[in-house]
Amino acid sequence: MAEPELPLFEVRTTEDAEEIEEKIEEIQDYVGDIEVESILPNATEQILNQISNWITYALGELNAGSERFIRTSDTWVLLLDMKYILHILRFDVDQIITNNNKLKDKNEQVNGR
């Protein structure tokens, strides 16, 4: 599972919006492929934390981009959809991190560490 790109971006055109939509889909795929039944590797946990931080950044940029388009335009609707997806994705990422922390705590209790 390849690490997703977490790009810096600005939405000024419809093409910008479409490009970031592709990146968000890649991040969704990455998060969706994570096995949550066992403790995550440290690298995966770090990537999830980076994704969580990036989502905050991305939401800000999408909000700024939304101001550049008429509320009824297709691009404005696309930005709105991406913001909705990112809110759901943030919840998923937070749940995975929380679950991973619980698994690590349980493992420490079992192993007496």
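**Q** Please set out the side chain of Lys-83 residue by residue, giving values where relevant.
**A** With respect to the helices and strands, the residue Lys-83 is situated in helix α3 (residues 74-111). For the buried Lys-83, which has no salt bridge, the nearest side chain bearing the opposite charge is Glu-67, at an N-O separation of 6.9 Å. A polar side-chain atom of Lys-83 sits 3.0 Å from a polar atom in the side chain of Asn-63. Apart from residues lying up to four places away in sequence, Lys-83 is in contact with Leu-59, Leu-62, Asn-63 and Ser-66.

**Q** Kindly report on the packing of helix α1 (residues 14-32) against α3, identifying the contributing residues and their values.
**A** Where α1 meets α3, the closest approach of the two axes is 10 Å, and the angle between their N-to-C directions is 20 degrees. When the interaxial angle is binned, α1 and α3 end up roughly parallel. Considering how the two elements wind past one another, α1 and α3 form a crossing that is left-handed. For the pair α1 and α3, contact is made by Thr-14, Ala-17, Glu-18, Ile-20, Glu-21, Ile-24, Ile-27, Gln-28 and Val-31 and by Thr-75, Leu-78, Leu-79, Met-82, Ile-85, Leu-86, Leu-89, Asp-92, Val-93 and Ile-96, respectively. Residue composition of the contact of α1 with α3, by class: 13 nonpolar, three polar and three charged.

**Q** Give a description of the environment of Ile-85 that names residues and reports values.
**A** Assignment of secondary structure puts Ile-85 in helix α3. Considering only alpha carbons, one finds Ile-85 and Glu-21, 64 residues apart in sequence, at a separation of 9.9 Å. In this structure, Ile-85 is in contact with Ile-24 and Gln-28, ignoring residues within four places of it in sequence.

**Q** I'd like to hear about the packing of aromatic side chains, residue by residue, with values.
**A** For the structure on display, the rule yields two aromatic pairs. With a centroid separation of 6.1 Å and 50 degrees between ring planes, the pair formed by Phe-9 and Trp-54 is classed as tilted. Of this pair, Phe-9 sits in the segment before α1 while Trp-54 sits in helix α2 (residues 42-66), and the two are 45 residues apart along the sequence. Overall, the relative accessible area of 14% leaves Phe-9 in the buried class. The class of Trp-54 is buried, set by a relative accessible area of 5%. With a centroid separation of 5.6 Å and an interplanar angle of 80 degrees, the aromatic rings of Phe-9 and Tyr-57 are classed as edge-to-face. Linking Phe-9 in the segment before α1 with Tyr-57 in helix α2, this pair joins segments that are 48 residues apart in sequence. One aromatic cluster is present, formed by Phe-9, Trp-54 and Tyr-57 through successive ring pairs.

**Q** Describe the nonpolar core, and please don't skip the residues or the numbers.
**A** Val-31, Leu-48, Ile-51, Trp-54, Leu-62, Met-82 and Leu-86 are the most contacted members of the largest nonpolar core, which has 28 residues in total. Within the residue set of this core, elements represented by two or more residues are α1, α2 and α3. The greatest single-element share of this core, amounting to nine residues, is contributed by α3. In this structure Leu-62 touches Phe-9, Val-11, Ile-20, Ile-24, Leu-79, Met-82, Lys-83 and Leu-86, once residues within four positions along its chain are discounted.

**Q** Tell me about the packing of α2 against α3, and please be specific about residues and values.
**A** One can describe the packing of α2 onto α3 by two numbers: an axis separation of 9 Å at closest approach and a directional angle of 160 degrees. The angle between α2 and α3 falls in the class roughly antiparallel. As α2 packs across α3, the resulting crossing turns out to be left-handed. Taken together, the residues that form the contact of α2 with α3 break down as 15 nonpolar, nine polar and five charged.

Rules behind the numbers
- Residues numbered from 1 in each chain as written.
- Predicted model: local features only at pLDDT ≥ 70, side-chain atom pairs only at ≥ 80, totals over all residues.
- Heavy atoms only, no water.
- Helix = DSSP H or I, 4+ residues; strand = E, 2+ residues; numbered from the N terminus.
- Buried < 20%, exposed > 50% of the residue type's maximum accessible area, 1.4 Å probe, protein only.
- Lys, Arg positive; Asp, Glu negative; His and termini not counted.
- Salt bridge = Lys/Arg side-chain N within 4 Å of Asp/Glu carboxyl O.
- Polar contact = N/O pair within 3.5 Å; in protein donor to acceptor, adjacent residues only side chain to side chain.
- Contact = heavy atoms within 4.5 Å.
- Axes fitted to C-alpha atoms, helices over the stretch in contact; angles between N-to-C directions.
- Parallel < 35°, antiparallel > 145°, perpendicular 65-115°, else oblique.
- Left-handed = near helix turned anticlockwise from the far one by under 90°.
- Nonpolar A, V, L, I, M, F, W, Y, C, P; charged D, E, K, R; others polar.
- Phe/Tyr/Trp six-rings, centres within 6.5 Å; stacked < 30°, edge-to-face > 60°.
- Core = buried A, V, L, I, M, F, W, Y, C linked by side-chain atoms within 4.5 Å.

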